[in-house]
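Residue-level listing of the chains:
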Amino acid sequence: LQFHAEYLHALCNSKKAAIKSVIMSNDVVVGVGNIYATESLFLSRIHPETPAYRLSLFQCGVLVGHIKAILAQAINMGGTT
């Protein structure tokens, strides 16, 4: 299963929870903890408490791109402590 905008948007449509808690769920994407979630949302200009269902497909695409970039950078640097 690939992590892409359409996947995240479909999941978000049915969730009233804050987007930060949604992307931190291992059922959605593995490896996004507090630091990576906060950084990804900041770069995407999405408030962490925004209800997930309010995100547009475009916003999900921007967020997915930042999550992937941050996780790749973290792997290259040996993780965050």
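Thresholds, definitions, all that
Residues numbered from 1 in each chain as written. Predicted model: local features only at pLDDT ≥ 70, side-chain atom pairs only at ≥ 80, totals over all residues. Heavy atoms only, no water. Helix = DSSP H or I, 4+ residues; strand = E, 2+ residues; numbered from the N terminus. Expected span 1.5 Å × (residues − 1). Buried < 20%, exposed > 50% of the residue type's maximum accessible area, 1.4 Å probe, protein only. Arc of directions from axis to C-beta. Contact = heavy atoms within 4.5 Å. Polar contact = N/O pair within 3.5 Å; in protein donor to acceptor, adjacent residues only side chain to side chain. Core = buried A, V, L, I, M, F, W, Y, C linked by side-chain atoms within 4.5 Å. Phe/Tyr/Trp six-rings, centres within 6.5 Å; stacked < 30°, edge-to-face > 60°.

Draft legend 1. Quick peek at helix 4 (residues 57-76). Look at helix 4: 29 Å from first C-alpha to last across 20 residues, which is about the 28 Å you get at 1.5 Å a residue. Those residues of helix 4 that fall on the buried side of the exposure criterion are Cys 60, Leu 63, Val 64, Ile 67, Ile 70, Leu 71 and Ala 74. Down the axis of helix 4, the sector holding all buried residues measures 140°, keeping them to one side. Exposed residues lying more than 90 degrees from the buried face of helix 4 are Phe 58 and Asn 76. For helix 4, the secondary structure elements touched by its buried residues are helix 1 (5-12), helix 2 (19-23) and helix 3 (34-44). In the stretch just after helix 4, Gly 78 is the one whose phi turns positive, near 90°.

Draft legend 2. A look at the side chain of His 9. Tracing the chain through its elements places His 9 in helix 1. A distance of 3.3 Å separates a polar atom in the side chain of His 9 from the backbone oxygen of Leu 55. At 3.4 Å, the side chain of His 9 and the backbone nitrogen of Leu 57 are in polar contact. Apart from the residues lying within four places of it in its own chain, the contact partners of His 9 are Leu 55, Ser 56, Leu 57 and Cys 60.

Draft legend 3. Molecular detail of unusual backbone geometry. Phi at Arg 45 takes a positive value of approximately 60°, unusual for a residue other than glycine. Following the sequence through the fold, Arg 45 ends up in the loop between helix 3 and helix 4.

Draft legend 4. Structural context of the nonpolar core. In this structure, Phe 3, Leu 8, Ile 19, Ile 23, Val 32, Leu 63 and Ile 67 are the most contacted members of the largest nonpolar core, which totals 23 residues. Looking at which element gives the most residues to this core, the answer is helix 4, with seven residues. Aside from chain neighbours lying at most four places away, what touches Leu 63 is Leu 8, Ile 19, Ile 23, Ser 40, Leu 41, Ser 44, Ile 46 and Leu 55.

Draft legend 5. Spatial organisation of the packing of aromatic side chains. Under the defined criterion, the tally for this structure stands at one aromatic pair. Residues Phe 3 and Tyr 7 carry aromatic rings whose centres are separated by 6.1 Å and whose planes lie at 75° to one another, so their mutual orientation is edge-to-face. For the pair Phe 3 and Tyr 7, a shared accessibility class is recorded, and that class is buried.

Draft legend 6. Main features of helix 3. Within helix 3, burial applies to Tyr 36, Ala 37, Ser 40, Leu 41 and Ser 44. The arc that holds every buried residue of helix 3, seen down its axis, measures 125°, which confines them to one face. Residues Ile 35 and Phe 42 are exposed on helix 3 and point more than 90 degrees away from its buried face. Here the buried face of helix 3 lies against helix 2 and helix 4. In the segment just after helix 3, Arg 45 is the residue with positive phi, at about 60°.

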